[in-house]
Amino acid sequence: MTRAKAGLIAGAAATVLVAAGAITYAVAGDGGSGVEPPAADSADAGFARDMAVHHQQAVEMSYIVRDRTDDEDVRRLAYDIAQTQASQRGMLLGWLDLWELPKVSADPPMTWMGMGSMPPGEDGALMPGMATNTELKKLGTLNGRRAEVFFLQLMTDHHKGGVHMAEGCVDKCTVGVEMQLAQNMIEGQRSEMALMADMLEERGAKPRS
């Protein structure tokens, strides 16, 4: 990967983090506006809860691969994904606190998107794009080029699922700043998917789907 591409990764991550700070401030500032917070069964709350779980796995995968390869491009991408998604996850959980809503629900994942009746995820893959526990364990056993390729494939799938969920929030959520964050996720993760496709091609591999 070129130095210019590497710079784009870091720049995009920095932009997302700055935007995240601004959005967090905006939501916190709404506390005294008299606007009713979302209900526990709303799309806003459901997206916040589910995406927080989804993001946590992306952070986990990113830190796993940073210990399995010396490739600076992959390590930089993994670090940027981990930092961006950890920041966004903190925002999502912070909003639930602000709204005085529980961080867990008895409803199945994706209920807020009308997908609560789908078969339960197997082996830890609770939502679209999530890796299974078996896949995470496998990632932790690989090294070098094999770890890089498997991580890029898993994260591409993960981003596809994340974009699908974020699109659902843009369509169904009502809190403006949360919808803005969801749109930022869509744009950022699509950009990273294009980058990861290039990185896979450089390694003689392709996305899994």
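Now for a look at the structure at hand. (Residues numbered from 1 in each chain as written. Predicted model: local features only at pLDDT ≥ 70, side-chain atom pairs only at ≥ 80, totals over all residues. Heavy atoms only, no water.)

### What about the side chain of His55?
Argument step 1. Tracing the backbone through its elements, the reader meets His55 in helix H2 (residues 43–66).
Argument step 2. Reaching out from His55, the side chain makes a polar contact with the side chain of Gln85 at a distance of 2.9 Å.
Argument step 3. Discounting chain neighbours no more than four positions away, the residues touching His55 are Gln85, Gln88, Arg89, Met185 and Gln189. (Helix = DSSP H or I, 4+ residues; strand = E, 2+ residues; numbered from the N terminus. Polar contact = N/O pair within 3.5 Å; in protein donor to acceptor, adjacent residues only side chain to side chain. Contact = heavy atoms within 4.5 Å.)

### Points about the packing of aromatic side chains
The description of two aromatic rings rests on the distance between their centres and on the angle between their planes.
Argument step 1. Enumeration over the complete set of coordinates arrives at 2 aromatic pairs.
Argument step 2. Aromatic side chains Phe47 and Trp112 sit 5.6 Å apart centroid to centroid with 75 degrees between the ring planes, which places their arrangement in the edge-to-face category. Taken together, the residues span a long stretch of sequence, with Phe47 in helix H2 and Trp112 in the loop between helix H3 (72–98) and helix H4 (133–139) at a distance of 65 residues. With respect to burial, Phe47 and Trp112 carry one shared label: buried. (Phe/Tyr/Trp six-rings, centres within 6.5 Å; stacked < 30°, edge-to-face > 60°. Buried < 20%, exposed > 50% of the residue type's maximum accessible area, 1.4 Å probe, protein only.)

### Observations concerning the nonpolar core
Argument step 1. Ranked by size, the top nonpolar core spans 55 residues in total, and within it Phe47, Met61, Leu92, Trp112 and Phe151 carry the most contacts.
Argument step 2. Put simply, the parts of the chain that give this core at least two residues each are H2, H3, H4, helix H5 (144–172) and helix H6 (176–202).
Argument step 3. Looking at which element gives the most residues to this core, the answer is H5, with 11 residues.
Argument step 4. In contact with Met61, other than residues within four places in its own chain, are Ala131, Leu136, Leu139, Phe151, Leu154, Met155 and His158. (Core = buried A, V, L, I, M, F, W, Y, C linked by side-chain atoms within 4.5 Å.)

### Some words on the environment of Met51
Argument step 1. Its location among the elements puts Met51 in helix H2.
Argument step 2. The exposure class of Met51 is buried, given its relative accessible area of 0%.
Argument step 3. Each C-alpha atom, one on Met51 and one on Leu93, is 9.6 Å from the other, the two residues being 42 residues apart in sequence.
Argument step 4. Discounting chain neighbours no more than four positions away, the residues touching Met51 are Leu92, Gly162, Met165, Ala166 and Met185.

### Examining the pattern of salt bridges
Argument step 1. All told, the structure shown has 10 salt bridges when counted by the stated rule.
Argument step 2. One salt bridge in this structure joins Arg203 and Asp71, with 3.2 Å as the shortest N-O distance. Taken as a pair, Arg203 in the segment after H6 and Asp71 in the loop between H2 and H3 lie far apart in primary sequence, 132 residues in all.
Argument step 3. For Glu148, the salt bridge identified is with Arg203, shortest N-O distance 2.8 Å. (Salt bridge = Lys/Arg side-chain N within 4 Å of Asp/Glu carboxyl O.)

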